[in-house]
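The primary structure of each chain is shown beneath.
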Amino acid sequence: MRGDAALPRTADVVIIGGGPAGSAAALTLARAGVAVVLLDAGRPRLAVGETLPPASKPALQALGLWSAMAGEGHLPSVGSWSAWGGAEPWGRDFLFNRFGHGWHLDRRRFDALLRAAARAAGARIAPSAAVFASDALTAGGFRLRLSAGRQIDARIVLDAGGRHANFARQRGVRRHAVDRMVALVGYVARRADAEAEPAATLVEAVPDGWWYSAPLPQDRLATVFMTDADLANGGARMTSWFNRLAAAEHTAARALRYGAGLAGPPSVVPAVSGRLERFGDAAWLALGDAAATQDPLSSEGILVAIESGIDAAAAVVRTLDGERDALLAAADRREAAWRSYLDQCASNYALEQRWPEAPFWQRRTRQDERRSVA
Ligand SMILES: Cc1cc2nc3c(=O)[nH]c(=O)nc-3n(C[C@H](O)[C@H](O)[C@H](O)COP(=O)(O)OP(=O)(O)OC[C@H]3O[C@@H](n4cnc5c(N)ncnc54)[C@H](O)[C@@H]3O)c2cc1C
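Not measured: the values here are computed from a predicted model. (Residues numbered from 1 in each chain as written. Predicted model: local features only at pLDDT ≥ 70, side-chain atom pairs only at ≥ 80, totals over all residues.)

Participant: Give me the site of the ligand: which residues, what numbers.
Facilitator: Among the 36 residues in the neighbourhood of the ligand, the closest are listed as G17, G19, G162, G288 and G301. Mapped by element, the contributors of at least two residues to the shell around the ligand are α1 (20-31), β3 (51-52), α8 (288-291) and α9 (301-320). It is α9 that contributes the most residues to the shell around the ligand, 4 residues altogether. Among the residues making up the shell around the ligand, the classes are represented as 19 nonpolar, 12 polar and 5 charged. (Near = placed C-beta within 6 Å. Helix = DSSP H or I, 4+ residues; strand = E, 2+ residues; numbered from the N terminus. Nonpolar A, V, L, I, M, F, W, Y, C, P; charged D, E, K, R; others polar.)

Take a look at the structure:
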């Protein structure tokens, strides 16, 4: 199916968004024999150096994709080191992890692998079909409107459209932000004579945020400063970004060992954590980032997206079998997962106590306040 030329007029299930959440749902539904249509806007994605943790292995095995990962050009990730709560980095290497190593992803290839698997299983995929509006139908279900007057009616909609969650917002569901985080993303290009260093993530806390660096498959080191938008002043300018980097001892040393400067000016990427006030109802469900975005410190956004896609697909199958509350039960499970994520996030930030007066860290220790907006 090229573009949306061959879109059917109606479908039992339509998924908006072909990232990890939407593709995992489409693949699982197609394998269960459900006729499913996946619409993706096809917007290019910026590589931010995402890592899949070792604990992703069972989810990828469930999708039948674990063995394919090795031939996809991703870098096996051997561990994660953090200067967090103290000046010296301490490590977690994956040597003894029961799932083995993680992956430093080539995100475009990873998303393409998932979509190709969904297509091969029988899902109908429209790769450049942005949904810009939707209406609830009086007979039940929804009409989704695409460009050039095209539309498709669906009995059930899964909103996997990422952090904008447009479909859910069109249902009048508000999204609450927990913070104001942004990522200032720079790419250090590898010097030809740079010594090989372990493919691992390095996290380093500083007074107004934290840095992470992770290798990308194309000989680049994603070197990223995480802070709040109001504290980021001038951060996307080359000199300001370098001045901040110079103050992050371990990250700066790694960047210097790896390369000789930035491949281009830093990009500002939205990284706000937040959630929909509710995750769905009996005929629609939000998954992945559309439901809730996590602090990148967790390194689990993609895993959560895949797991929520698999869980949503099972709920859709039960709905089509006549179980009225299956999607609502899936929304309740997402609610429980969000609460436990908030607790984990709070205890991670509580480990860093060096700058109690700094606004960035004060905001993260006032968890009751964060919880009330969540
Ligand atoms: C700085 C940063 C670092 C991160 N690091 C990590 C990490 O190390 N590990 C990790 O696991 N996670 C990480 N994450 C989180 C991770 O990127 C997300 O959680 C993950 O991409 C969510 O997947 P998704 O499928 O829900 O949404 P997305 O990947 O955002 O996919 C949404 C899809 O929907 C499509 N779409 C959007 N609107 C429409 C529309 N109207 N119609 C049709 N299609 C539409 C888009 O084109 C896109 O393909 C990081 C995030 C940030 C910001």
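Next, the rest of the story.
Participant: Any chance you could break down the domain arrangement of the protein for me, citing the residues and the numbers?
Facilitator: Parsing the protein into structural domains produces domain 1 (10-48 + 107-177 + 276-337) and domain 2 (75-101 + 180-270). One C-alpha centre belongs to domain 1, the other to domain 2, and the line joining them spans 31 Å. Tallying the contact residues gives 7 residues for domain 1 and 11 residues for domain 2. Residue composition of the side of domain 1 that touches domain 2, grouped by class: 5 nonpolar, no polar and 2 charged. (Domains from an automatic or database assignment. Contact = placed C-beta atoms within 7 Å.)

Participant: Before we move on, can you summarise the pairing of strand β5 (residues 79-83) with the specific residues and values?
Facilitator: Pairing analysis gives 4 bridges linking β5 to strand β6 (residues 90-93), with the strands arranged antiparallel. Within β6, the residue paired with S80 across the bridge is R92. With antiparallel pairing between neighbouring strands as the criterion, β5 and β6 make up a hairpin whose turn holds 6 residues, including G85 at a positive phi of roughly 85°. As paired elements, β5 and strand β14 (residues 200-206) share 5 bridges and run parallel to each other. Each bridged residue has a counterpart across the sheet, and for A83 the counterpart in β14 is E204. (Pairing = 2+ DSSP bridges.)

Participant: Residues and numbers for the sheet that holds strand β12 (residues 175-177), please.
Facilitator: Sheet architecture is open: 3 strands sit in the order β12-β19-β21, paired in antiparallel fashion. Among the strands making up the open sheet, the edge pair consists of β12 and β21 (292-293).

Participant: Got a sec to walk through the packing of α1 against helix α4 (residues 107-121)? Specific residues and values, please.
Facilitator: Where α1 meets α4, the axes come as close as 8 Å, and the angle between the chain directions of the two elements is 20°. Here α1 is positioned roughly parallel relative to α4, judged by the angle of their axes. For α1 against α4, the interelement crossing comes out left-handed. Residues P20, S23, A24, A26, L27, A30 and R31 of α1 form the contact with α4, whose participating residues are D111, L114, R115, A117, A118 and A121. Here the contact of α1 with α4 is built from residues that sort into 9 nonpolar, 1 polar and 3 charged. (Axes fitted to C-alpha atoms, helices over the stretch in contact; angles between N-to-C directions. Parallel < 35°, antiparallel > 145°, perpendicular 65-115°, else oblique. Left-handed = near helix turned anticlockwise from the far one by under 90°.)

Participant: Can you tell me about the nonpolar core, naming the residues and giving the values?
Facilitator: Counting residues in hydrophobic clusters, the biggest one holds 66 residues, and the most contacted among them are V14, I15, A25, A26, L285 and L287. Of all the elements, α9 adds the most residues to this core, at 9 residues. When near neighbours in sequence (up to four residues on either side) are disregarded, V14 contacts V37, L39, L144, I152, A154 and V157. Membership of the second largest hydrophobic core comes to 31 residues, among which are A183, L184, L202 and A248. (Core = buried A, V, L, I, M, F, W, Y, C linked by C-beta atoms within 7 Å. Buried ≥ 20, exposed ≤ 12 C-beta atoms within 10 Å, placed from the backbone.)

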